[in-house]
Amino acid sequence: MSRKPICLFIILFFTIALPGFLLVAPVSARAEQTTPPPGFELIDSAPAVELYRKDYPGGTPDFVQVIDLAGGAQLTLLHSSIAESGLGQGAYGGDNPSFNRQTLQQAWDSFAAGDSRAFCLVNGAFFSTDVDPTPLAFPLKVNGKVVSQGYGLSEFPDQKLMLEIWPDHAVIRPLSADTLSASTAPQILAGLSEDANKEPSALIGRTFAGVQDADGDGQFETVLIFNSKTTRQADAAGVLRAFGAQQVIMLDGGESTQLICRNNPYIYSSRSIPQIIAVSSGTLQPLAVSVSKQTDWAVLVEGESTEIELTLRNDGTETWLPGEVALVNMRNDWGAGSRLELPAAVAPGETITLGWTTTVFPKWGVFMSQWDISRGSQTFASKPIIINVIVLPQQLEDKKKELEEQVREWGRQQLDNIEQLVLDWIQERIREGFQKICPVGASLPLLVAAVGVWRFTKRKK
């Protein structure tokens with residue numbers, strides 16, 4: 001049998017049938033969620049705040065806090081007591097006081113005693129490590145007042161930045177006498193650009209911060225803070241950008257790098273410091289939930305099923321009781337049923353894992369299932385819980401691992417159109433297979449003719 005009739009049929013399929021099928025494939029917009037880069041695991045959370053950790057074999061972990069100011073989380077710039085006023089000795093003609101240094105644990109004890117929502121403390125400002133009391137290198141503004149202008153006027157003249165903090169958003173801008181005096185932010189912490197020469201290639205302690213406009217409304221309502229005992233400058237900035245940061249600032253590092261959350265010293269240093277960033281969670285709700293871990297973007301082949309696991313954390317103040325609180329399906333249960341009951345009570349702060357085996361997926365595409373958690377008629381997940389499954393055509397079974405790696409890369413890049421990217425990827429792999437059967441040179445005249453006939457038919461209708 002001649003190849004030409006077969007090629008003509010395949011060409012007609014690709015020009016008419018396949019594009020139409022791809023457009024109607026079962027895809028849906030995915031709800032926005034914090035999607036950490038590969039290797040980062042959520043280790044603690046509270047309303048509007050999350051703490052992620054990534055471990056390295058033989059190395060020290062990286063930590064990233066995600067702080068949603070618009071969700072009610074709060075950033076507070078703390079400083080220890082002032083020993084000397086430094087009147088008129090600041091970089092821009094203001095004050096340059098010296099501060100009594102304190103340990104991070106001392107700061108935590110004081111902060112947590114006065115704030116029931118205390119979540120984390122981390123080091124912040126650059127300072128002179130040789131003396132105690134010590135001055136700050138760059139400006140600090142607290143509660144609307146510039147407490148210090150710092151002494152570092154001549155240091156890194158074109159690489160100084162400032163993190164401006166309002167109650168519901170933040171921004172990072174270049175620091176100068178003019179921008180400092182003109183800022184309406186009630187809190188400002190100054191630092192350096194990510195490429196400032198602070199031993200950039202050395203594996204030492206680093207503290208960086210970033211800001212993100214997560215909802216695209218033009219305001220940076222999310223603040224991200226990175227800490228690690230041993231990393232390079234570019235790596236610290238890269239992690240924040242992988243989390244979605246659109247602006248980045250370098251804060252004090254080396255032995256000053258420290259992190260304590262809920263009285264757990266994740267990064268410890270014996271160095272006492274004069275200035276600290278305090279993170280408070282949003283207000284606790286009676287019923288609140290977050291997803292600690294879930295199966296998502298599993299890659300299957302037509303005719304297969306898969307195991308789904310979903311780990312939920314009780315972020316509220318009330319215990320979830322079996323028979324009262326359940327996971328409820330809003331769309332596409334895939335064999336789990338419309339309601340999954342809790343096997344045990346879940347106290348505030350505890351997690352529970354629910355799992356099920358899906359039904360067989362008979363055709364290829366990108367499939368989405370949507371869930372919520374409810375007590376009676378009240379649902380209380382702040383966002384829909386979305387689970388995605390990718391199903392490949394049988395002829396692409398050998399491409400499964402390749403697609404899994406590609407999807408992980410898209411996730412790392414925080415892309416929000418993964419569904420369409422997957423469909424485009426599948427279409428391209430099928431086209432590559434077609435090219436092996438019908439080389440472009442031999443089939444091009446047929447392709448042109450087929451497209452012409454199809455367009456002519458469309459015009460006649």
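Predicted model only: the values in this text are computed from it and were never measured. Once a new chain begins, its residue numbering starts again from 1 and follows that chain's sequence as written. Totals for whole chains, interfaces and linings use every residue, but because this is a predicted model, local features are given only for residues with pLDDT of at least 70 and side-chain atom pairs only at 80 or more, for both listing and counting. Excluding hydrogens and water, the side-chain figures rest on all heavy atoms present in the structure.

A closer look at the state of the cysteines
1) Next: Disulfides are defined as cysteine sulfur pairs within 2.5 Å. Enumeration over the complete set of coordinates arrives at 1 disulfide.
2) Next: Put simply, Cys 120 and Cys 261 are joined by a disulfide, and their sulfur atoms are 2.0 Å apart. Taking the sign of the S-S torsion, 110 degrees for the link of Cys 120 and Cys 261, the bridge is right-handed. You can see Cys 120 sitting in strand E7 (residues 118–123) and its partner Cys 261 sitting in strand E17 (residues 259–261), a full 141 residues away along the chain. Only runs of H or I of at least four residues qualify as helices and only runs of E of at least two qualify as strands under DSSP, and these elements are numbered from the N terminus.

As for the environment of Arg 271
1) Next: Summarising the element assignment, Arg 271 is placed in the loop between strand E18 (264–267) and strand E19 (275–280).
2) Next: Among the residues examined, Arg 271 registers a relative accessible area of 24% and is labelled partly exposed.
3) Next: Non-local contacts of Arg 271, meaning those with residues more than four positions away in its chain, are made with Arg 101, Phe 127, Thr 129, Gly 253, Glu 255, Ser 256 and Gln 258. With a 1.4 Å probe rolled over the protein chains alone, any residue whose accessible area is under 20% of its type maximum counts as buried; one over 50% counts as exposed, and the rest are partly exposed. Whether two residues touch is decided by their heavy atoms; if any such pair falls within 4.5 Å, the residues are in contact.

Brief notes about the sheet that holds strand E25 (residues 351–357)
By definition, the strands of a sheet pair up through backbone hydrogen bonds, in either a parallel or an antiparallel sense.
1) Next: Two strands form a pair only when DSSP identifies at least two bridges running between them. Here we have 3 strands laid out as an open sheet, ordered E20-E22-E25, and antiparallel in their pairing. Only two strands of the sheet have a single neighbouring strand rather than two, namely strand E20 (289–294) and E25. On average, adjacent strands in this sheet sit at an angle of 25 degrees to one another, irrespective of strand direction.
2) Next: In this structure, E20 lies alongside strand E22 (residues 307–314), joined through 5 bridges in antiparallel fashion. Looking at E22, one finds that Val 291 is bridged to Leu 312. Each axis is a line fitted through C-alpha atoms, taken for helices only over the stretch in contact, and angles between the N-to-C directions span 0 to 180 degrees.

Comments concerning the side chain of Asp 62
1) Next: By the secondary structure assignment, Asp 62 is in strand E3 (residues 62–68).
2) Next: His is not counted, nor are the chain ends, whereas Lys and Arg count as positive and Asp and Glu as negative. We define a salt bridge as a contact between a side-chain nitrogen of Lys or Arg and a carboxyl oxygen of Asp or Glu at a distance within 4 Å. Here Asp 62 sits buried without a salt bridge, and the closest side chain of opposite charge, Lys 54, lies 6.4 Å off (N-O distance).
3) Next: In this structure Asp 62 touches Phe 40, Tyr 52, Arg 53, Lys 54, Tyr 56, Phe 226, Asn 227, Ser 228 and Val 239, once residues within four positions along its chain are discounted.

Examining a negative patch on the surface
1) Next: A cluster of acidic residues, Glu 397, Asp 398, Glu 402 and Glu 405, forms a negative patch at the surface.
2) Next: Mapped onto the fold, Glu 402 is located in helix H5 (residues 400–412). The patch calculation keeps residues exceeding 30% relative accessible area without a salt bridge and links them within 9 Å when they carry like charges or within 5 Å when they are nonpolar (Val, Leu, Ile, Met, Phe, Trp, Tyr). Surface accessibility follows the Shrake-Rupley procedure with a 1.4 Å probe radius. Residue values consider only the protein chains on display as shielding. To locate a charge, take NZ of a lysine, CZ of an arginine, CG of an aspartate or CD of a glutamate.

Focus on H5
1) Next: Multiplying one less than the number of residues by 1.5 Å gives the expected span of a helix. For H5, which comprises 13 residues, the first-to-last C-alpha distance of 19 Å matches the rise-based estimate of 18 Å (1.5 Å per residue) to within 8%.
2) Next: Those residues of H5 that fall on the buried side of the exposure criterion are Leu 403, Val 407, Trp 410 and Gly 411. Across the axial projection of H5, the buried residues extend over an arc of 100 degrees, all falling on one side. Relative to its buried face, H5 has exposed residues pointing more than 90 degrees away, namely Lys 401 and Glu 405. This arc corresponds to the set of directions leading from the helix axis out to the C-beta atoms.

Notes on the pattern of salt bridges
1) Next: Taken as a whole and assessed by the stated rule, the structure comprises 12 salt bridges.
2) Next: One salt bridge in this structure joins Arg 173 and Glu 164, with 2.6 Å as the shortest N-O distance.
3) Next: Judged by relative accessible area, which is 1%, Glu 164 ranks as buried.
4) Next: Taken together, the shared-partner salt bridges connect Asp 44, Arg 262, Arg 313 and Asp 315 into one network.

Nothing here speaks to function; it is geometry throughout.
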